[in-house]
Amino acid sequence: MNRFTGRKDRGTKRENTERRTGRQQEEYRRAGRRPAGYQYEEQQCGTYRWEGHGREEGHFQEEDQSERNFQGSRQRNVRQQAKGQRAKQRRDEDFQRRKKKLLRRRKRRSRWRRLRKGLFWLLLVAVIGAGLVSAYLRLSQLSIFRKKIHISKLDKPQWIEEDYIEPNPYSRPQTELEWVNGVVVHYVGNPDTTARQNQSYFNGLAESHKTYASSHFIIGLDGEIIQCIPLDEIAYCSNDRNQDTISIECCHPDESGEFTQATYESLVHLTKWLCESFKLDSSEDVIRHYDVTGKECPLYYVRNQEAWERFIQDLR
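Reference entry: report on the structure contained in this document.

## Re the packing of helix 4 (residues 261–277) against helix 7 (residues 305–314)
Running from N to C, helix 4 and helix 7 point in directions that differ by 50°, and their axes come no closer than 10 Å. Overall, the two elements helix 4 and helix 7 adopt an arrangement that is oblique. Of the two elements, helix 4 crosses helix 7, and the hand of that crossing is right-handed. Across the interface between the two elements, Tyr264, Leu267, Val268, Thr271 and Lys272 of helix 4 pack against Arg310, Phe311 and Asp314 of helix 7. Each residue belonging to the contact of helix 4 with helix 7 can be placed in one class, and the counts come to four nonpolar, one polar and three charged.

## What about the sheet that holds strand 4 (residues 160–162)?
The mixed open sheet is built from six strands, whose spatial order is 4-7-6-8-5-9. In this open sheet, the two edge strands, each paired with only one partner strand, are strand 4 and strand 9 (286–288). Along the sheet, successive strands turn relative to each other by an average axial angle of 25°, direction set aside. As judged from the three bridges shared by strand 5 (residues 182–187) and strand 9, these two strands associate in the parallel manner. The residue of strand 9 that forms the bridge with Val183 is Val286. Across the sheet, helix 3 (residues 195–208) lies against strand 4, strand 6 (217–219) and strand 7 (225–227), angled at about 150° from strand 6, the strand it touches most. Of the strands in this sheet, strand 5 and strand 9 are in contact with helix 7, which crosses strand 9 at around 160°.

Definitions and limits used
Residues numbered from 1 in each chain as written. Predicted model: local features only at pLDDT ≥ 70, side-chain atom pairs only at ≥ 80, totals over all residues. Heavy atoms only, no water. Axes fitted to C-alpha atoms, helices over the stretch in contact; angles between N-to-C directions. Helix = DSSP H or I, 4+ residues; strand = E, 2+ residues; numbered from the N terminus. Parallel < 35°, antiparallel > 145°, perpendicular 65-115°, else oblique. Left-handed = near helix turned anticlockwise from the far one by under 90°. Contact = heavy atoms within 4.5 Å. Nonpolar A, V, L, I, M, F, W, Y, C, P; charged D, E, K, R; others polar. Pairing = 2+ DSSP bridges.

None of this, on its own, says anything about what the molecule does.
Here it is, written out as structure tokens:
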């Protein structure tokens, strides 16, 4: 029987007491105050003692402890959530930082890769271009790739005297000279003879039949120049190079084979004109008879290499 209401409670006395105190505690908690008739004893850490009866109510202690546990757990959860959010933020920042670093590295590698590829293609094009230019220059030296010069269109200078040899099989076979790829310098080998005498010798081979010999030009001791063979015909002077060269015979006063100053100047003048007319390179296309067969001709310029190099330099 309930002493306050006079009604009979359901359940045991202990259960009814706990039920009542639980409802009271909830009401007091909602009202924001402690239950009347109880005093808080600090030394017992959260327990209430009933003044009238003098016994501890364990229910109040358990409720307060569970409330404190709930609040502590909630605070811990909040701290853990904040900590987790900070850790996630740090992970995201670290991921973004590593991602940016990786992207920069990829861009740098891609830039270097494009640069190396460009340099490779540039070098390849340069090598191929150099090879093509070299091949063109080499092929251009061949007679089949060299443009033919029409002799009739050449403006022959007045300081060249024309005195052609009579056609004959020994000195003027009248074989066409299709290409001019060089100029060959000779010496007559007969000291102190004139250009006219040597021209007469070539012309007399038609009757004497001694040998096959002739030259396009003969330069005398005084610098006179006589043309013996037309430039569109070959001359019997340079052996294997008769088919593509112009030959020049030079007179000399003694056995040394050295030319006089007048002969030397006329030789330089004539050779320059031939190189300009036939688009020849004076450093490569002007040679000695010695360079064709190994014969010491012209004698002085074979035995004195410096004199020949000086002559080539004068042509420039």
